[in-house]
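# Tertiary structure, described
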Amino acid sequence: MGRVTSLDDLPLRDDLRGLTPYGAPQAPLPVALNVNENTHPVPEEVAGQIADEISRALREINRYPDREFTELREGFADYLGHGLDASQIWAGNGSNEVLQHILQAFGGPGRTAFGFAPTYSMYPLLAQGTGASWKAGHREADYTITPDDAAAQVEAADPDVIMLCTPNNPTGTPMGLDVIEAVYEASRGVVIVDEAYQEFAPHDAPSALTLLEGRPRLAVSRTMSKAFAFAGARVGYLAADPAFIDALRLVRLPYHLSALTQAAAMAALRHAPTMLRMVDEIVEQRDRISATLEALDYTPHESWANFVLFGGVADPKAVWQGLYDKGVLIRDVGIPGHLRVSAGTESETTAFLEALASLGDAPSVGSKA
Ligand SMILES: *Cc1c(COP(=O)(O)O)cnc(C)c1O
């Protein structure tokens, strides 16, 4: 029997030819600080309750789950506050699926999606996968962007879907609400504010949720993957106008959220304060990373997330490999002279900082030589 040896032998969609899939390395290293996970496990007392809920759901697993995941939507509305109710909430298997639903409903062939680069690497992949083309705007050297500049770029690009990531991955940069308002005013497409890392921002930092009222083309997405330490459960969600939610119902697969996922997410949400109790500790480690990198003469960028992007790396590939060889996995996000590291537990963070210092790549080492 003949063997398929390459994608070229298959009748693949022309617009997918030559693309490479998302591929952050999943290496079994002792210290994994490369995909911005919460490296603290789910607290033991909550883990037990989640297991109980999953076990209850299992007794009825012969039936399809609640297609509208009503109870879970109510739970997210309560958690988010701002007067939201279940009719304004959507959820999916990770916020990546929620974003895919948005692109399926509002993007698609012949349409364009837009974001200010560098930003989340999945946006172009999700756009391409759903047939839309991706247009990248730009930021200042420090990765901020002014309202006027943002509005001018959006007006020029005239996109159907706009992805605003704040705090931005991979840079950590917050985006002011004035920028989001300006982009909304300058656009005709849907505007998605991806707040995957919002819980790590300063407690008094306003969320784009405060802008939803009167803006039916605006949506704010969140995830349980980061602050909630729930990446493996795959739960993401979004708040928007009820009509926006109706649009997403047109493209989702029926029963897309399994009964087990719904049960686990609801149990975790009921214990939100316990689930989120490591956030302040992670923020402390993030700030410790920034301070130590600065002392080593690297240039960490301001971060409101659970990771730090730092410049001044003479040879990012060599440093990445050097850390890897010492059992520490971080991320080369492809920005020249830069690497990104997630804030881990105190001991993981120490392992990273010590391994990095021992590599002798730091600008301070060079300048003192
Ligand atoms: C990690 C991350 C997400 C979360 O993705 P999930 O599919 O919910 O795990 C979303 N947006 C950004 C910018 C992220 O960094």
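Residues numbered from 1 in each chain as written. Predicted model: local features only at pLDDT ≥ 70, side-chain atom pairs only at ≥ 80, totals over all residues. Heavy atoms only, no water.

Looking at an unreviewed UniProt entry, the protein chain carries the name Histidinol-phosphate aminotransferase, with the source organism given as Microbacterium istanbulense. The UniProt entry for the protein chain carries this comment under Cofactor (unreviewed entry): "pyridoxal 5'-phosphate". (UniProt positions renumbered as here; feature names shortened; annotations may be inferred.)

### A short note on the side chain of Asn 34
Tracing the backbone through its elements, the reader meets Asn 34 in the loop between strand E1 (31-32) and helix H1 (44-58). The contact partners of Asn 34, leaving out residues within four places of it in the chain, are Pro 25, Leu 329, Ile 330, Arg 331, Arg 340 and Ser 342. (Helix = DSSP H or I, 4+ residues; strand = E, 2+ residues; numbered from the N terminus. Contact = heavy atoms within 4.5 Å.)

### Some words on the side chain of Thr 349
Positionally, Thr 349 belongs in helix H12 (residues 346-359). Separated by 3.3 Å, the side chain of Thr 349 and the backbone nitrogen of Gly 344 make a polar contact. Other than its neighbours up to four places away in sequence, Thr 349 contacts Gln 285, Arg 288, Ile 289, Ala 343 and Gly 344. (Polar contact = N/O pair within 3.5 Å; in protein donor to acceptor, adjacent residues only side chain to side chain.)

### Structural notes on the packing of helix H2 (residues 70-80) against helix H8 (residues 259-270)
Closest axis-to-axis distance for the H2/H8 pair is 10 Å, and the angle between their directions is 25°. Here H2 lies roughly parallel to H8, going by the angle between them. Pair H2 / H8 crosses with left-handed handedness. Between H2, through Glu 71, Leu 72, Gly 75, Phe 76 and Tyr 79, and H8, the contact on the second element is made entirely by Gln 262, Ala 265, Met 266, Leu 269 and Arg 270. (Axes fitted to C-alpha atoms, helices over the stretch in contact; angles between N-to-C directions. Parallel < 35°, antiparallel > 145°, perpendicular 65-115°, else oblique. Left-handed = near helix turned anticlockwise from the far one by under 90°.)

### Thoughts on the UniProt feature "modified residue: N6-(pyridoxal phosphate)lysine" (unreviewed entry) in the protein chain
Taking the numbering used here, the UniProt-annotated feature "modified residue: N6-(pyridoxal phosphate)lysine" (unreviewed entry) corresponds to Lys 226. Within the secondary structure, Lys 226 is located in the loop between strand E7 (218-223) and strand E8 (236-240). Relative accessible area serves as the criterion here: at 13%, Lys 226 is assigned to the buried category. With residues near it in sequence (within four places) discarded, Lys 226 still touches Val 35, Asn 36, Asn 38, Ala 196, Tyr 197 and Phe 200. (Buried < 20%, exposed > 50% of the residue type's maximum accessible area, 1.4 Å probe, protein only.)

### Structural notes on the packing of aromatic side chains
Applying the stated criterion across every chain, the model contains 12 aromatic pairs. Here Tyr 197 and Phe 307 contribute two aromatic rings whose centre-to-centre distance is 5.1 Å and whose plane-to-plane angle is 80°, an arrangement assigned as edge-to-face. Taken as a pair, Tyr 197 in the loop between strand E6 (190-194) and E7 and Phe 307 in strand E10 (residues 307-311) lie far apart in primary sequence, 110 residues in all. The residues Tyr 197 and Phe 307 share a single accessibility class, namely buried. Taken together, the ring pairs in this structure connect Tyr 120, Tyr 123 and Trp 134 into an aromatic cluster. Over the ring of Tyr 184 we find Arg 217; its NZ or CZ atom is 4.0 Å from the centre of that ring. The ring of Phe 307 carries the charged tip of Arg 340 above its face, separated from the ring centre by 5.4 Å. (Phe/Tyr/Trp six-rings, centres within 6.5 Å; stacked < 30°, edge-to-face > 60°. Lys NZ or Arg CZ within 6 Å of the ring centre and 35° of its normal.)

### So, the UniProt feature "domain: Aminotransferase class I/classII large" (unreviewed entry) in the protein chain
Here, the residues flagged by UniProt with the feature "domain: Aminotransferase class I/classII large" (unreviewed entry) are residues 31-356. What you have in residues 31-356 is 40% helix and 15% strand, and the ends, taken at the C-alpha atoms, are 13 Å apart.

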